[in-house]
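Secondary and tertiary structure notes
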Amino acid sequence: MRRKLFAGNWKLNGNLVANGTLLRGIKSGADAMQVELAVCVPAPYLAQCSEILAHSGIALGAQDVSSHTVGAYTGEVSARMLQDFGCRYVIVGHSERREYHCETNDDVANKAQRALAAGITPIICVGETLGEREKEQTTGIIHAQMNAILSLLDPHETADIVVAYEPIWAIGTGKTATPDMAQEVHAIIRHMLEVKSAEAGRGVRILYGGSMRPENAEALLRMPDIDGGLIGGAALRATDFLSIAAAAPSPDARQTEK
Ligand code: 13P
């Protein structure tokens, strides 16, 4: 049984005061949740957030990690450093990193491996641009992005990742993939995981990301291969983040509706 995961990606947002308010809001509604909640915060706030989240059951995550372990790499943050702050997750390969920082599929795969070696679960982002979707290249893009990961990781490591399908045209635009569109890509990812390892195919959570909101979450989460969300804008408001997580149907409900 895959426990649903809802991870907030705060991106370049927050400050000491706002972080405290947001986290206290999330904590106040988190106890009633059967799903797993995580927040991926800007690196300078890891210590603050780690302290506020202590014993809360809400997982701490980072938004990127270096593909190097140690040394002369100015500005980088290593997996070992994230481990020091108790990070359970780190996002790798977000389209904003791929686009603005020229990260390649191989860089993303290396980062995922560094995270795993430090005992941190990488949330590996994949997704196509609008132009690629219109040219019907979505499957090829997803294959290339996933293959870079799957060829580097051994089957055992693969079972420990989380994948996030984030169609780039849906990020921060208010446009969401329809549940059927998202499910189609999630099923492709699931199949690739299965081919690598039956355990990974069964157990790896595949999140949807891209303008996920309280209004559209339930329909997306009813899809059999959508195991939660990677949420940007709506994760900056505690009530919206919690409403999205609360929209996850219980596993029994999903089975009955299928
Ligand atoms: P939005 O939810 O703001 O579209 O962002 C999605 C995203 O990029 C999460 O990583």
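See the structure above.
Note that this is a predicted model, so its numbers are computed, not measured. (Residues numbered from 1 in each chain as written. Predicted model: local features only at pLDDT ≥ 70, side-chain atom pairs only at ≥ 80, totals over all residues. Heavy atoms only, no water.)

A word on the side chain of serine 78
Looking at where serine 78 falls in the secondary structure, it is placed in the loop between β3 (59-62) and α3 (79-84). Leave out the neighbours within four places in its chain, and serine 78 touches Val65, Ser66, His68 and Thr69. (Helix = DSSP H or I, 4+ residues; strand = E, 2+ residues; numbered from the N terminus. Contact = heavy atoms within 4.5 Å.)

Some thoughts on the packing of helix α7 (residues 138-152) against helix α9 (residues 179-196)
Here α7 crosses α9 at 35°, and the two axes come no closer than 11 Å. The way α7 lies across α9 gives a crossing that is right-handed. Between α7 and α9, the residues in contact are Thr138, Thr139, Ile142, His143, Met146, Asn147 and Leu150 and Val185, Ile188, Ile189, Met192, Leu193 and Lys196, respectively. When its residues are assigned to classes, the contact of α7 with α9 shows eight nonpolar, four polar and one charged. (Axes fitted to C-alpha atoms, helices over the stretch in contact; angles between N-to-C directions. Left-handed = near helix turned anticlockwise from the far one by under 90°. Nonpolar A, V, L, I, M, F, W, Y, C, P; charged D, E, K, R; others polar.)

A closer look at the site of the ligand
Taken together, Asn9, Lys11, His94, Glu166, Ala170, Ile171, Gly172, Gly210, Ser211, Leu230, Gly232 and Gly233 are the residues near the ligand. One of the side-chain nitrogen or oxygen atoms of asparagine 9 is found 3.0 Å away from an oxygen atom of the ligand. One of the backbone N or O atoms of glycine 233 is found 2.8 Å from an oxygen atom in the ligand. Relative to its unbound accessible surface of 310 Å², the ligand loses 97% to contact with the protein. Looking at the shell around the ligand residue by residue, the classes come out as three nonpolar, seven polar and two charged. (Near = heavy atom within 4 Å. Polar contact = N/O pair within 3.5 Å; in protein donor to acceptor, adjacent residues only side chain to side chain. Areas by Shrake-Rupley, 256 points an atom, 1.4 Å probe, with all protein chains shown as cover.)

Topic: the layout of surface pockets
Approximately 570 Å³ is the volume attributed to the largest pocket. The wall of the largest pocket is formed by 22 residues, among which Lys11, Gln63, Asp64, Arg97 and His101 lie closest to the centre. In terms of residue count, the dominant contributor to the lining of the largest pocket is helix α4 (residues 95-100) (three residues). When its residues are assigned to classes, the lining of the largest pocket shows 11 nonpolar, six polar and five charged. (1 Å grid on protein atoms, 1.4 Å probe; cavity = no way out; pocket = protein on both sides within 12 Å on 5 of 7 lines; lining within 4 Å. Points joined across faces, edges and corners; volume = space filled by probe spheres on them.)

Let's talk about the environment of glutamate 51
Note on placement: glutamate 51 falls in helix α2 (residues 46-53). By relative accessible area, glutamate 51 is classed as exposed at 66%. Considered as a pair, glutamate 51 and methionine 181 are 130 residues apart in the sequence and their alpha carbons are 39 Å apart. (Buried < 20%, exposed > 50% of the residue type's maximum accessible area, 1.4 Å probe, protein only.)

Regarding the environment of cysteine 125
Along the chain, cysteine 125 turns up in strand β5 (residues 121-126). Residue cysteine 125 is classed as buried on the basis of its relative accessible area of 2%. For the pair cysteine 125 and alanine 164, spaced 39 residues apart in sequence, the C-alpha separation works out to 4.6 Å. With near-sequence residues (within four places) excluded, cysteine 125 lies in contact with Ile91, Val92, Gly93, His94, Arg98, Ala164, Glu166 and Leu230.

Overview of the pattern of salt bridges
With the rule as written, the count across this model stands at 15 salt bridges. Here aspartate 64 ties to arginine 97 by a salt bridge, and the two come within 3.4 Å at their closest N and O atoms. Linking aspartate 64 in the loop between β3 and α3 with arginine 97 in helix α4, this pair joins segments that are 33 residues apart in sequence. Residue aspartate 64 is classed as buried on the basis of its relative accessible area, which comes to 19%. Each of Arg2, Arg190, Asp225 and Asp227 takes part in a single network of salt bridges with overlapping partners. (Salt bridge = Lys/Arg side-chain N within 4 Å of Asp/Glu carboxyl O.)

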